[in-house]
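Results of the structural survey
The residues making up each chain are set out below.
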Amino acid sequence: MSASVWAYRQFRLAYAANLTSTLGSAFSPVGISFAVIGTTGHAAYLGYVLAAGMTPRLILLPIAGAVADRHSRTGVMITSSLVSALAQAAVVALLATGTAGVGALIVLVAVTGASNAFFKPAAQGILPMLVPPKLIRQANVQFRICTNACIVLGPALAGVLIASTHQPQLAIVIDAVSFVAAVPLLSVLRLPRRESVDTSTIGLLREGWTEFWAHTWLWAVVVQSAVTNVGDSTGFRLLGPLVAQHRYGGAAAWGLLVSAQGLGYLLGGVVSMWFTPRRLLRAGVGCAAGLALPLIAMALSSPLPVLLAATLLSGVLNEQFGAAWATTMCQHLPEELLSRASSYDLLGSQLLIPAGFLAGGAAVGEFGADGALWLCVALILVPTALVLSSRNVRTLEQPGTIASP
C-alpha cells in the first residue's frame, strides 16, 4: 500500500485547521457584501469596503513572509486567526446594534485583510514540515482540494443562510467562530524545531528578494501569473457577467458558469493526484493556457453548453498549474525561505488585478465586449508561451528523477 499523508497526525491537524478557517472565510464576503448594501444602499460603498480588505493584504505580504520565516509559523497563524476573529466580531456587533457606518466597516475589514496577509505565507511554509518529502505533492493537492471545496460551498451556503434569515451578519459570525475554532488545532501542532534567526526582518526581506531573483523559474512564473491573472480576472470576472446578461439569459447562466468553474477546480484536484510528469513545472505552466478557454467561447458566442464545458475544463487545467506550482516551490526552495517566496508570489501574481478591472471597462468602450475578450485571451496565451520558452522552466525536474541531457 502506498504511503498516505493521512497517516501523519500533524498533517491531519493542519488540514482540519485549514478546513475550519477556509470554510468560515468563504462565508464572510457574501455577508459583508449584503451587509454593506443593506446598510448604505450604494454599490460604490461596497467597492470601498472590498478594496479596504484587499489593499493592506497586498501591501503587507512581503513583511508577512519575512515574519513567518523569522518566527514560529504556527504562532503567526494563531495570532492572525485571533486578530481576524476579533475584527469580525466587532463588525457583527456594529451591524447588530445598527451603528455600522461605512468608515467603521472599512477600518475593520482593513484590519481583517491585514491580519490575513500573515496567515497564508505561514501556512504555505509549514507544509513541508508536516510530511516526508516524497508526500509533499500529495499534501499540497489535498490542501488545494479542501480550499477549492470551501470556495465552492461556502458562498452558496452563505447565500442560503442570508436569504432564509435576512441577517447577513450571521455569515460573518460563522467566519469569526471559524477563526477561533482553528486556534486549538494549530496550538497542538508539533513541528520540527527550526534554527533561530538573528537577521532582522528588513534583512530577511532583502535576503528573500535576492534569493527570489536568483531562481529564474520562480520569478518568471510569478511575472507570467501577474499578467495571466489580469486576463483571467478581467475576462471572466468582469466581462463574464456582462456577456452572460446579454447573450445567455442573465444571472442564472452566470451562476452556472461560476459553479462549472468551481467544479472544474475540484475535479482538477482529483486529476492532479495521479498527474505526475517528470517535468512538473513545464506541464503546469502549459495548463495555465486553459484559462483562455471560456473567454474564447464567449468571444465566439458559443452555445451555453459549450461555454459551460469550456469553463469546466478551464478549472481542471488551472488546478494542474496551481498544484504543480505549489509543489515545485516546496521541492526546490529551502524551507527557511518558503514563506517569503510564497508572499512574493502572492503579491506579484495579484498586484495588477485591480488595474485590470479599471482597464477592462475602458477596453469594452474602445473595442466592444468581444474585442476586450480577445485582448484578455492574448494576456493569457502570450506570457504563457514566453515562459515556456525559458529553458529554466522547461527543464526543471522533480527531485529524485534522472536529469535529461
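These remarks concern the structure in this document. (Residues numbered from 1 in each chain as written. Predicted model: local features only at pLDDT ≥ 70, side-chain atom pairs only at ≥ 80, totals over all residues. Heavy atoms only, no water.)

1. Some details on the nonpolar core
- In this structure, Leu 130, Trp 217 and Trp 325 are the most contacted members of the largest nonpolar core, which totals 51 residues.
- Among residues more than four places away in sequence, those in contact with Trp 325 are Trp 217, Leu 218, Val 221, Val 222, Leu 281 and Asp 345.
- In terms of nonpolar packing, the next biggest core, distinct from the first, is built from 22 residues, Phe 236, Ala 244, Ala 253 and Ala 310 among them. (Core = buried A, V, L, I, M, F, W, Y, C linked by side-chain atoms within 4.5 Å. Buried < 20%, exposed > 50% of the residue type's maximum accessible area, 1.4 Å probe, protein only. Contact = heavy atoms within 4.5 Å.)

2. Some thoughts on the pattern of salt bridges
- Tallying each qualifying case throughout the model produces 4 salt bridges.
- Each of Arg 278, Arg 279 and Glu 397 takes part in a single network of salt bridges with overlapping partners. (Salt bridge = Lys/Arg side-chain N within 4 Å of Asp/Glu carboxyl O.)

3. What about the side chain of Ser 178?
- Its place among the elements puts Ser 178 in helix H6 (residues 169-187).
- Residues contacting Ser 178, with those up to four places away along its chain left out, are Thr 20, Ser 21, Gly 24 and Ser 25. (Helix = DSSP H or I, 4+ residues; strand = E, 2+ residues; numbered from the N terminus.)

4. Comments concerning the packing of helix H12 (residues 304-332) against helix H13 (residues 338-350)
- Packing of H12 against H13 brings their axes to within 10 Å, and their N-to-C directions diverge by 145 degrees. Handedness of the crossing formed by H12 with H13: right-handed. Along its contact with H12, which presents Trp 325, Met 329 and Cys 330, the element H13 presents Leu 338, Ser 342 and Asp 345. (Axes fitted to C-alpha atoms, helices over the stretch in contact; angles between N-to-C directions. Left-handed = near helix turned anticlockwise from the far one by under 90°.)

5. Let's talk about helix H10 (residues 280-287)
- Among the residues making up H10, those that are buried are Leu 280, Leu 281, Gly 284, Val 285 and Cys 287. Buried positions in H10, seen along its axis, are confined to an arc of 160 degrees and lie on one side of it.
- Among the structural elements, helix H5 (136-165), helix H8 (216-247), H12, helix H14 (353-388) and helix H15 (391-395) are those in contact with the buried residues of H10. (Arc of directions from axis to C-beta.)

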